[in-house]
Amino acid sequence: MSFNKERYHRLKQLAYYILFGVWYVVSLLPLWFLHGLSSLISVLLFHVIRYRRKVVHENIRSAFPDLSERRCRMIERRFYTHFCDLMVESIKYFSISEKEMRRRMQFKGIELLEESCRNGRSCGVFLGHYGNWEWISSMPLWIDPKLCLCTQLYHPMENYVTDQLLLYTRNRFGGVSITADKSIKYMVSYRRQGKPILVGFIADQAPFWDNIYYWSQFLNHETPWFTGAERIMQKLDMDVYYLDVRRIRRGYYVAEYKRITTDPKSKEQFWLTEQYSQLLEATIRRAPSYWLWSHRRWKRTKEEWLRITNGGIKPKPN
């Protein structure tokens, strides 16, 4: 049995090295070429494969009921182009230089983070699946590592090879990826060492039924939210920020840190989550095509939740 496990592990390692080599070689191609390839792939996804076309169309149509069908179709088509851009840009991340990365993924509001860190405060940052969220892990290039450690929470993927490839890119500029189940342990450890940390929370997925505690109006839907990020920020008394991302043009992004509060413990329950939902909606409405419309954000309804939880009666989160 142990022999089979060891052999399986070696096969996974071999698959990782082979795919890493292939992706790295492809990443050496100029980005203008990769974007051209992205345009071709997007045509195939949209017209031939029709990847999640129904989900994307229903999401956009229901989020913006006042827009014309023509306008919704235009958002939909641009989404597929950007979605494919995101894939090739993630591959480019394997070999892109620090200088090129700083040119294409810029950050504003750094002085606010530095002020927090100089005051010995750790920072929690809300962000969404908007723009190029993979490139946001290049943040360590923009802040003095002596001031704070840049980290991001992540959920390990079931596929070992894909998981390791993503970890490589997310950590290559000095960031640290922390698994969600060990987040509190690591954050408390850093705080005891007197090391301020910057933690990114992507919290716009659809939570499971047993993780739903809060609903808000978001893009014309009654929407459930993960509240774990809020609980961590309040428990560890972190300065709270929102990262407002803009796509300037193809392959270029600007992300601005906007401070929400420096006193999260004084806020009532779910206030932070509500602020995040409002800020994210404003970002999406400004340029809708760059959000991840292919996920089923509204697959759970409040009516079902009320029925399952006996009218919403359930223990409050710790």
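Being a predicted model, the structure only gives us computed values, none of them experimental. (Residues numbered from 1 in each chain as written. Predicted model: local features only at pLDDT ≥ 70, side-chain atom pairs only at ≥ 80, totals over all residues. Heavy atoms only, no water.)

Asker: Honestly, the overall build of the protein in this entry has me stumped. Any pointers?
Answerer: In terms of helices and strands, the protein carries 11 helices and 9 strands. A globule of 318 residues ought to have a C-alpha radius of gyration of about 20 Å, and the protein, at 20 Å, matches this closely. Along the first, second and third principal axes, the C-alpha atoms of the protein reach 50 × 50 × 50 Å. For the protein, the residues scored as buried account for 49% of the 318 residues in total. Pairs at least 24 apart in sequence give 78% of the contacts found in the protein among residues at least 6 apart. For the protein, the exposed surface amounts to about 16600 Å²; the carbon and sulfur share of it is 54%. Treating the 50 positive side-chain charges of the protein as one cloud and the 31 negative ones as another, the clouds have centres 4 Å apart. (Helix = DSSP H or I, 4+ residues; strand = E, 2+ residues; numbered from the N terminus. Rg over C-alpha atoms; globule rule 2.2 N^0.38 Å. Buried < 20%, exposed > 50% of the residue type's maximum accessible area, 1.4 Å probe, protein only. Contact = heavy atoms within 4.5 Å. Areas by Shrake-Rupley, 256 points an atom, 1.4 Å probe, with all protein chains shown as cover. Lys, Arg positive; Asp, Glu negative; His and termini not counted. Charge placed at Lys NZ, Arg CZ, Asp CG, Glu CD.)

Asker: I would appreciate a short explanation of the nonpolar core in the present structure.
Answerer: Note that soluble globular proteins tend to have their nonpolar side chains buried in a common cluster. Ranked by size, the top nonpolar core spans 77 residues in total, and within it Phe 107, Met 139, Tyr 257 and Trp 293 carry the most contacts. It is helix H4 (residues 69-92) that provides the largest number of residues to this core, a total of 8 residues. When near neighbours in sequence (up to four residues on either side) are disregarded, Trp 293 contacts Val 55, Val 56, Asn 59, Ile 60, Ala 63, Phe 64, Phe 79, Leu 219, Ile 284, Pro 288 and Trp 298. In terms of nonpolar packing, the next biggest core, distinct from the first, is built from 5 residues, Tyr 16, Phe 20, Phe 94 and Val 161 among them. (Core = buried A, V, L, I, M, F, W, Y, C linked by side-chain atoms within 4.5 Å.)

Asker: I'm lost on the pattern of salt bridges in this one. Help?
Answerer: Side chains bearing opposite charge may pair, as long as their charged atoms lie close to each other. Enumeration according to the criterion identifies 17 salt bridges in this entry. With a closest N to O distance of 3.9 Å, Asp 85 and Arg 247 form a salt bridge. With Asp 85 in helix H4 and Arg 247 in strand S8 (residues 239-249), this residue pair connects regions lying 162 residues apart in the sequence. As a salt-bridge pair, Lys 258 and Asp 244 come within 3.2 Å of each other at their nearest N and O atoms. Note that Lys 258 is positioned in strand S9 (residues 252-261) and Asp 244 in strand S8, a separation of 14 residues in sequence. With relative accessibility at 32%, the residue Lys 258 sits in the partly exposed group. Residue class for Asp 244 comes out buried when judged on its relative accessible area of 4%. Salt bridges sharing partners connect three or more residues here, namely Arg 53, Arg 61, Glu 69, Arg 73 and Glu 76. (Salt bridge = Lys/Arg side-chain N within 4 Å of Asp/Glu carboxyl O.)

Asker: What's the story with helix H2 (residues 31-49) in this structure? I'm lost.
Answerer: Helical geometry: 3.6 residues make up each α-helical turn, so side chains three or four residues apart lie on a common side. Buried within H2 we find Leu 31, Leu 34, His 35, Ser 38, Ser 42, Leu 45 and Phe 46. Seen end-on, H2 carries its buried residues on one side only, within an arc spanning 105°. For H2, the exposed residues set more than 90 degrees away from the buried face come down to Leu 40 and Val 48. One or two residues past the end of H2 sits Arg 50, with phi positive at roughly 55°. (Arc of directions from axis to C-beta.)

Asker: Looking at this model, I keep getting lost on the pairing of S9. Mind explaining?
Answerer: For S9, a buried count of 7 out of 10 residues is recorded, marking the element as mostly surrounded by other parts of the structure. Here strand S1 (residues 105-108) runs beside S9; their pairing, made up of 4 bridges, is parallel. When the bridges of S9 are listed, Lys 108 appears paired with Glu 256. Two elements, S8 and S9, share 9 bridges in a ladder whose sense is antiparallel. Of the residues in S9, the one forming a bridge with Tyr 241 is Arg 259. Between S8 and S9, which pair antiparallel and follow one another directly, the connecting turn spans 2 residues, one of which, Gly 251, has a positive phi of 85°. (Pairing = 2+ DSSP bridges.)

Asker: Is there a simple way to explain the pairing of strand S5 (residues 197-202) in this structure?
Answerer: In summary, the side chains of a regular strand alternate between the two faces of the sheet. Most of S5 sits out of view: 5 of its 6 residues are buried. Note that strand S2 (residues 123-127) and S5 share 5 bridges and pair parallel. Each bridged residue has a counterpart across the sheet, and for Cys 123 the counterpart in S5 is Leu 198. When strand S3 (residues 149-154) meets S5, the two strands line up parallel, connected through 4 bridges. The partner of Leu 149 across the bridge, within S5, is Ile 197.

The values are spatial; any link to function lies outside them.
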